[in-house]
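Remarks on the overall topology
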Amino acid sequence: MRVAVLISGRGSNLRSLLEAAEAPGYPAKIVLVVANRPDAGGLEHAAAFGVASRVVDHRTFDDRAGFEAALDAALAEADLDLICLAGFMRVLSAAFVKRWENRIINIHPSLLPLFPGLDTHARALDAGVKLHGCTVHFVNEAVDGGAIIGQAAVPVQAGDDPQRLAARVLQAEHRLYPHCLRLLAEGRVHLLEGRSQIEGASDPGAALFSPDLSA
Ligand code: GRF
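The model shown is predicted, which means the values in this text are computed figures rather than measured ones.

This part is about the domain arrangement of the protein. What the domain assignment lists for the protein is domain 1 (1-100) and domain 2 (106-198). Between the C-alpha centres of domain 1 and domain 2 the distance comes to 19 Å. Of the residues lining the interface, 20 residues belong to domain 1; the matching set on domain 2 comes to 17 residues. Summed over both partners, the interface of domain 1 with domain 2 comes to about 1,600 Å²; 72% of that surface belongs to carbon and sulfur atoms. Taken as a group, N13, Y26 and L85 account for 30% of the area that domain 1 buries against domain 2, more than any other trio of residues on that side.

This brings us to the pairing of strand 3 (residues 52-55). Pairing analysis gives four bridges linking strand 2 (residues 29-35) to strand 3, with the strands arranged parallel. Across the sheet, the residue bridging to A35 is V55, located in strand 3. A crossover connection joins strand 2 to the parallel strand 3 through helix 2 (residues 42-48); in handedness this β-α-β unit is right-handed.

Take the packing of aromatic side chains next. Scanning the model with the defined rule gives two aromatic pairs in all. Seen from their ring centres, F96 and W100 are 6.4 Å apart, and the 25° between their planes marks the pair as stacked. Across the pair, exposure class does not vary: F96 and W100 are buried alike.

Okay, the side chain of S16 next. When you line up the elements, S16 lands in helix 1 (residues 12-22). When sequence neighbours within four positions are dropped, the list of residues in contact with S16 reads H174 and P178.

Turning to the nonpolar core, a few remarks are in order. Residues V5, I30, C84, I105 and L181 are the most contacted members of the largest nonpolar core, which totals 42 residues. Looking at this core element by element, the count peaks at nine residues for helix 6 (residues 162-185). When residues of this core are sorted by domain, at least three fall in each of domain 1 (1-100) and domain 2 (106-198). In contact with V5, not counting residues within four places along its chain, are L14, L17, I30, L32, V33, V34, C84 and A86.

Further remarks concern the state of the cysteines. Following the criterion strictly, the structure yields zero disulfides and no others. The thiol of C84 is unpaired, and the distance to the nearest cysteine sulfur, on C180, comes to 9.9 Å. Taking the relative accessible area as the measure of exposure, C84 reaches 0% and is therefore buried. Free cysteine: C180, not disulfide-bonded; nearest cysteine sulfur from C134 at 8.6 Å. Overall, C180 belongs to the buried group, its relative accessible area being 1%.

Let's shift gears to the environment of D63. With respect to the helices and strands, D63 occurs in the loop between strand 3 and helix 3 (64-76). Sequence separation between D63 and A73 is 10 residues; the distance between their C-alpha atoms is 16 Å.

Burial within strand 1 (residues 2-7) is extensive, with five of its six residues counted as buried. Across six bridges, the pairing between strand 1 and strand 2 is parallel. In the strand pairing of strand 2, V5 is matched with V33. A crossover links strand 1 with its parallel partner strand 2, the connecting element being helix 1, and its sense is right-handed.

All right, on to the site of the ligand then. Taken together, R10, G11, S12, N13, G87, I107, H108, P109 and E173 form the complete shell of residues around the ligand. Between an oxygen atom of the ligand and a main-chain N or O atom of G11, the distance comes to 2.8 Å. Protein contact buries 85% of the 360 Å² of open area that the ligand shows by itself. Most atoms of the ligand, that is more than half of them, are within 2 Å of grid points of the largest pocket. Counting residues per element, the ones that place at least two in the shell around the ligand are helix 1 and strand 5 (104-108).

Conventions and cut-offs
- Residues numbered from 1 in each chain as written.
- Predicted model: local features only at pLDDT ≥ 70, side-chain atom pairs only at ≥ 80, totals over all residues.
- Heavy atoms only, no water.
- Domains from an automatic or database assignment.
- Contact = heavy atoms within 4.5 Å.
- Buried area = accessible area lost by both parts, 1.4 Å probe.
- Pairing = 2+ DSSP bridges.
- Helix = DSSP H or I, 4+ residues; strand = E, 2+ residues; numbered from the N terminus.
- Right-handed = clockwise from strand over helix to strand, strands pointing away.
- Phe/Tyr/Trp six-rings, centres within 6.5 Å; stacked < 30°, edge-to-face > 60°.
- Buried < 20%, exposed > 50% of the residue type's maximum accessible area, 1.4 Å probe, protein only.
- Core = buried A, V, L, I, M, F, W, Y, C linked by side-chain atoms within 4.5 Å.
- Disulfide = S-S within 2.5 Å.
- Near = heavy atom within 4 Å.
- Polar contact = N/O pair within 3.5 Å; in protein donor to acceptor, adjacent residues only side chain to side chain.
- Areas by Shrake-Rupley, 256 points an atom, 1.4 Å probe, with all protein chains shown as cover.
- 1 Å grid on protein atoms, 1.4 Å probe; cavity = no way out; pocket = protein on both sides within 12 Å on 5 of 7 lines; lining within 4 Å.
- Sits in = over half its atoms within 2 Å of the grid points.

See below:
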């Protein structure tokens, strides 16, 4: 499976995908990294792993249609099967998403459908949830609204602030995203009536309880 990763910033999730894809037998190959900002730190990860990168700076276009046309052109050259959004901070138009239907996935730092959008960690703390986490999902026209592929739950701990919670969630992101990409590349993710089913996955018997049941 030939994959492009779209980033806007530091690219730690990109790095986790690049590392995973280096392992022998990993079924996906990162062939292109595209950043919408020339100063995106993640571009250095692409260079370090010898992966081609392009900058399509949204600020140099009059409107979103122009930006997305340039993005499409950059992606078309790479003969892709899938686009992974990894901290990509531009909302893609319905037309773009339609062109790449079921071929764009994203990682979001909450247990969707809770807390779509920004500032998820502060909002989770405000809401007082005991479990927070991250989600890998298909991208559709609704922001953070597509079918869920995988989720990781992370306990909220006493004394957490948004930064501390974000760091704990990020560790889970770095494990979840390569795992979900592997499932997709192995052809084990099936969409049924807008929900995903993972072929060969057993029931999640080891679900995470917080506080733990012995407390
Ligand atoms: C991650 O928390 C991701 O879930 C969100 O943006 C952040 C990107 O971090 N969409 P990084 O650039 O991958 O380090």
